[in-house]
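# Commentary on secondary and tertiary structure
Residues per chain are reported as follows:
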Amino acid sequence: MPTLDDVLEHIGEFDRFQKQTFFVLCLLSAAFTPVYVGVVFFGFTPEHRCFSPGVVELSQRCGWSLAEQLNHTVPEWGSHGAAYSSRCSRYEVDWNATGVSCTDPLGSLVGNWSSVPLGPCQDGWVYDYPGTSIVTEFNLVCEDSWKLDLFQSSVNVGFFIGSVIIGYMADRFGRKLCLLITVLINSVSGVLVAFAPSYTWTVIFRLIQGLVSKGGWLTGYVLTAEFVGLSFRRTVGIIYQLAFTVGLLILTAVAYVLPHWRWLQLAVTLPNFFFLLYHWCLPESPRWLITQKQNDKAMEVIKRIAKNNKKQLPPSFQNLKSEDEDGEKLKPSYLDLVRTPQIRKHTFILMYSWFTSSVLYQGLIMHMGLASGNIYLDFLYSALVEFPAAFILLLTVDRIGRRYPWAVANVMTGGACVVTALVPDTLYWLKMTAACLGRMGITMCFEMVCLVNPELYPTSLRNLGVLVCSSMCDIGGIMTPFIVYRLAELWHELPLVVFAGIAVVGGGLVLLLPETKGKTLPETIEDAENMHRQERRKENTIYLQILTSGAVPKKNTTSHC
């Protein structure tokens, strides 16, 4: 009984049809970037200080520079010293009073500097930023700064819930239908975010975006793996993620041109409506159709692929059918992810790997303090480091395999975290080099878990398995700010030490997974359970073919079998 991979070998594993389909799905991958990391620009927190009535007029009358104005009218920022102006308190004096001195305004108002009363920013804030963000529009600073964390957490909560729901939908009702629904909801909710009248509605619409956007991105990832042949599976998987990195570069450029967050939100959302054209240009996954006993529809898709690739479908493959022709249509179940021993092991290890990748990927960015300099250049540099990681994987995963590069990347990330933590700040070049190696290593881990996850689950569970396991990525995203900022209060480098331990454990666990290099995607639960025995079965199959060909082995040559 030929499998779909056997058919693709004859009609094209990655020919014209697959290339066109892959290109339009890569556009979807790039468009996911603003939802995942757009908070860097949407929620940018610029330098700010309390607005005090009368200060601007006094500054103009006295001819002060901005530095002089801050020195005379803004209190120090607690223990940070005179070099830092307070962001959340102001002098409770009347700057509009007559006779205020330009050389010592506080002294002329209260006499003794030490007795000047301080109060909260009752009249709002002044932001040193030419554009706008949700922080500047809704004043998410000082006692309301936690609302920015809630804004970001709402996306990750949406990712987590959506991963489970969308994963089930894609395996139950089909990849294409699920993809179109998520695209529509993501597009509409993204526009609503841009026109949200208040902070509360912004968070609600952002949560809805999170519910569908990541599920749609991962459904597209599964489709890329199911449309192409075995020998091209890893390449399209890595390039699909590389399209996300290209999206980072595009987002940086668009955010630089549009520094106002509502216009930026519209600019990155409206192109998503074009993805509704997938209804006409993207077919359903033939692998999914076969598992659902829709063999006629699967054959229609296969014939369409052959026609577009200008190949002839061999007559022996005209009546493609599933291995279990008389069985019932397969329905995915969450219990199937833990019911059998091998799939259960794969599920737990992959969940930890997703969690590790998320915590370290986001945590290293936070710890490097990228927002301390030029936000656009910092974001650009953090994106560029991901390109060499992808190229390294392209050169190694089909030569060496999946497990060993994955384990080495985890260990390299852990080692780089330790070096970054222990190297003194005086050796800045070494510290930054180690930090970049850590970022490159965890990027490789992220891309590897995306590649291997769909390869370890049967077709009926593939989308559900990917989305349930990747939901731990969202749990990691919710926890990362607390790991970084709370531990840094004890010791600035303590988060890096924790990251190192997490990464090394992850490197050991991935070695317990079966190697998927050169193996066909499992079609049934039995195939997935027997993946670790597949190589041994291959050896036995070759030996039996030799026997049936009439070549009888000698007695002294059979002892090794």
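Along every chain, residues carry numbers that run from 1 in the direction the sequence is written. In keeping with the model being predicted, local features are shown solely for residues with a pLDDT of at least 70 and side-chain atom pairs are shown and tallied solely at 80 or more, while totals for entire chains, interfaces and linings include all residues. Values reported for side chains reflect all heavy atoms of the structure, with hydrogen atoms and water molecules removed beforehand.

### What about the packing of aromatic side chains?
To pair, rings of Phe, Tyr and Trp, with the six-membered ring standing in for Trp, must have centres within 6.5 Å; the planes then decide the type, stacked if under 30 degrees apart, edge-to-face if over 60, and tilted in the middle. Applying the stated criterion across every chain, the model contains 21 aromatic pairs. Centre to centre, the rings of F41 and Y376 are 5.7 Å apart; their planes meet at 15 degrees, and the pair counts as stacked. One end of the pair, F41, is in helix α4 (residues 39–42); the other, Y376, is in helix α19 (residues 375–384), and 335 residues separate them in sequence. Just as F41 is buried, Y376 falls in that class too. Here Y256 and Y376 contribute two aromatic rings whose centre-to-centre distance is 5.3 Å and whose plane-to-plane angle is 90 degrees, an arrangement assigned as edge-to-face. On the criterion of sequence distance, the pair formed by Y256 in helix α12 (residues 233–257) and Y376 in helix α19 is long-range, its members being 120 residues apart. Three or more aromatic residues joined by ring pairs form one cluster here, namely F32, Y36, F159, W217, Y221, Y240 and F244. The ring centre of W354 lies 5.9 Å from the NZ or CZ of K214, which sits over that ring. The ring of Y361 has R439 lying over it, and the distance from NZ or CZ to the ring centre is 4.7 Å. Secondary structure counts use DSSP, requiring at least four H or I residues in a row for a helix and at least two E residues in a row for a strand, with both numbered from the N terminus. Only protein chains enter the area calculation, which uses a 1.4 Å probe; residues under 20% of their type maximum are buried, those over 50% are exposed, and those in between are partly exposed. Over a ring means this: the NZ of a Lys or the CZ of an Arg is within 6 Å of the ring centre and within 35 degrees of the ring normal.

### Notes on a nonpolar patch on the surface
Exposure above 30% relative accessible area and the absence of a salt bridge qualify a residue for a patch, where like charges join within 9 Å and nonpolar side chains (Val, Leu, Ile, Met, Phe, Trp, Tyr) within 5 Å. Surface accessibility follows the Shrake-Rupley procedure with a 1.4 Å probe radius. Residue values consider only the protein chains on display as shielding. By convention in these notes, a salt bridge is any Lys or Arg side-chain nitrogen within 4 Å of a carboxyl oxygen on Asp or Glu. A surface patch of nonpolar side chains, amounting to about 720 Å² of accessible area, comprises F173, L177, I181, L184, I185, V188, L192, L270 and F273. Among the elements that line the nonpolar patch, the one with the most residues is helix α10 (residues 175–194), at 6 residues. With respect to the helices, strands and loops of the structure, I185 is situated in helix α10. You can call I185 partly exposed: its relative accessible area is 34%.

### Here's the deal with the pattern of salt bridges
Evaluation of the coordinates by the stated rule reveals 15 salt bridges. Residues D128 and R49 are paired through a salt bridge, measuring 3.0 Å at the closest nitrogen-oxygen approach. Here the residue D128 occupies a position in the loop between β4 (125–127) and α8 (134–138), and R49 occupies one in strand β1 (residues 48–50), the gap between them amounting to 79 residues. Classification of D128 by relative accessible area gives partly exposed; the value is 39%. The exposure class of R49 is buried, given its relative accessible area of 9%. A salt bridge links R262 to E137; its shortest N-O distance comes to 2.5 Å. A residue pair is termed long-range when its members are at least 10 positions apart, and R262 in helix α13 (residues 261–269) and E137 in helix α8 qualify at 125 residues. You can call R262 partly exposed: its relative accessible area is 21%.

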